[in-house]
Every structure is written in structure tokens, then in C-alpha cells.
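Coordinates in review
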Amino acid sequence: MPPTDASSDTGSHSSVPAGLGTEDTLDLRLPDELITLFGADDPAIGHQPLDRGADDLLNTLAGWGPAPTPLGPFHLVPVRLERDLTLITRWMNDPAVAAFWELAGPESVTDAHIRAQLNGDGRSVPCLGVLDGTPMSYFEIYRADLDPLARHYPARPHDTGIHLLIGGVAHRGRGIGTTLLRAVSDLVLDNRPRCARAIAEPDIRNTPSVSAFLSAGFRFSAELDLPDKRAALMIRDRTLRHVL
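Along every chain, residues carry numbers that run from 1 in the direction the sequence is written. Residues qualify for local features only when their pLDDT is at least 70, as the model is predicted, and side-chain atom pairs are given and counted only at 80 or more; totals for whole chains, interfaces and linings, by contrast, use all residues. In computing side-chain values, all of the structure's heavy atoms are included and hydrogens and water are not.

**Points about the side chain of Asp-111**
Only DSSP runs of H or I covering at least 4 residues are called helices, and only runs of E covering at least 2 are called strands; the numbering of each starts at the N terminus. Considering the arrangement of structural elements, one finds Asp-111 in helix H5 (residues 107-118). Residues are treated as being in contact if the distance between any of their heavy atoms lies within 4.5 Å. Among all residues touching Asp-111, those that are not within four sequence positions of it are Leu-81 and Leu-85.

If you want it as C-alpha cells, here you go:
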């Protein structure tokens, strides 16, 4: 399966895209975290920078433990640049990956992308996906409700986003992407009790990726016009996880 498109959304957009179903809306006060994030450039909104680490924002992801899969145990292992940069850079330069991630180039390009997350407040954690002892994929687990993505859909508190690429050709196809997406979204829902939904926004053109999400128990919610792509908003609901 070609890798899931997961390029970062860093633009701004003030309107909710047409076509979003009412089942994805909430009539409630914006959480303080969102006010803090989106009020950063608005002098009318008083705020202090988020002073929270990964342990708080993503429930100590490093200690989540393995998820069982038909292909063996799967672990999310937080990236260490000194150990993982060369491998991830090689994956980013695979044409099938570069077409959607747009991070091809020398190690400095991948380094800058990952280091920005590692030096942040913990709202996005880059990870290796290790399947049965083999590093074979790259994930970014992020707080979608605290990401600029939340400007483009009716975000709910603690929505957790998933970006994915599968590194080697040998690990693409045969339903492996579906297996990983189900395993990772299960890890999110098992370890983040306040999170009701796992979120993803693959490029709408990446049909194999969208299909893998659907097979992994996500539902298609809407098309989103993001600054860098037309995306499919995919949602896996906690309440439906044992049905889909």
C-alpha cells in the first residue's frame, strides 16, 4: 500500500467546510487549550503558552506498550534522531512516500521536520512503528484538537490524529497498512481514555490509503480543503470501534 499522506497542515482557514454532518458537531465552549492555540495572534484573547509535556498531552505515549496484531506485536517507539534519522530519511526519499510527504532530500530536511516536534510542547510525537521487532513504518501521533487542522473541521476535545508512512516496499500491500492503522488507533483509544475519536486526513487522491483507513474501522466524514491538499477526513469513533 502506498504510504498514507500525512503532510502537516500549517495554514489558516476561518470557515468550516461544507458537507460536514451534524453528527460531528458539538455546541460547547472552546476548551482553554484551543483558546490558547488559536488566540496566539489575537491580542483580544489573553493567554499563556502551553506549559505541558508529552506525558500530559498524549498520556505518556512512550509507555503505551505493544498492540497485538495477526503479524506479531506492534510497538510505537518515540524517535531518537541519533538512532533513527538515516532510516527515516531513506524512507522519505522513496518516490511513493515523497509524492505525499514532500520531505525528500538530505538528512537535514527530515531532521528539521522531526526536530520541530521533539522541541515542541508534546502535542505531536514522532514514532517508529516496530512490527514483530522490525522498524518498518513512521508515525506521528498528535493532538488534532490543538493542531491548526482544528480550524478546518469541528474538532472535539482530545481528538487524536495519526500520520503514517510505511517504509519499505516489502511491507506495503497485503493489508499491512490496514493492520497498522487498526493497531495504532486501538493504542490511542486504549491509552487515552478522554479521547473519543482517532482522526486522520490523508490526501483524497491517495485511494489506497483512504481504503486502508476504511478497512481499519475509520469512517469517511468529509472532504477538507487544506492549504496544501484536498483531504479526506477519516474518523474512528470509540463507540463504534468494536462494530467497524
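**Let's talk about the packing of helix H6 (residues 176-191) against helix H7 (residues 207-215)**
In a packed pair of helices, the relevant descriptors are the angle between the two axes and the axis-to-axis distance. The axes used here are C-alpha line fits, helices contributing only the stretch in contact, and every angle between their N-to-C directions lies in the interval 0 to 180 degrees. It is at 8 Å that the axes of H6 and H7 come closest, and there the two elements cross at 50°. Taken together, H6 and H7 sit at an angle that is classed as oblique. Viewed along their axes, H6 and H7 form a crossing whose handedness is right-handed. Only Ala-212, Phe-213 and Ser-215 of H7 make contact with H6, whose side of the interface consists of Gly-177, Thr-178, Leu-181 and Arg-182. All residues other than Ala, Val, Leu, Ile, Met, Phe, Trp, Tyr, Cys, Pro, Asp, Glu, Lys and Arg, Gly among them, are scored as polar; the first ten of these are nonpolar and the last four charged. Along the lines of polarity and charge, the residues of the contact of H6 with H7 split into 3 nonpolar, 3 polar and 1 charged. Between 65 and 115 degrees an angle is taken as roughly perpendicular, under 35 as roughly parallel, over 145 as roughly antiparallel, and anywhere else as oblique. Less than a right angle of anticlockwise turn of the near helix away from the far helix marks a crossing as left-handed, whereas a clockwise turn marks it as right-handed.

**Focus on the packing of aromatic side chains**
Within a pair of aromatic rings, the relevant descriptors are the distance that separates the centres and the angle that separates the planes. What counts as a ring pair is set by centres within 6.5 Å for rings of Phe, Tyr and Trp (its six-membered ring), and what kind of pair is set by the plane angle: stacked under 30 degrees, edge-to-face over 60, tilted for all other angles. Counted under the stated rule, the structure contains 3 aromatic pairs. With 5.0 Å between their ring centres and 80° between their planes, Phe-213 and Phe-218 make a pair best called edge-to-face. Of the two residues examined, Phe-213 and Phe-218, each falls in the buried class. Think of it in three bands: residues with accessible area under 20% of the maximum for their type are buried, residues over 50% are exposed, and the middle band is partly exposed, with areas taken using a 1.4 Å probe on protein chains only.

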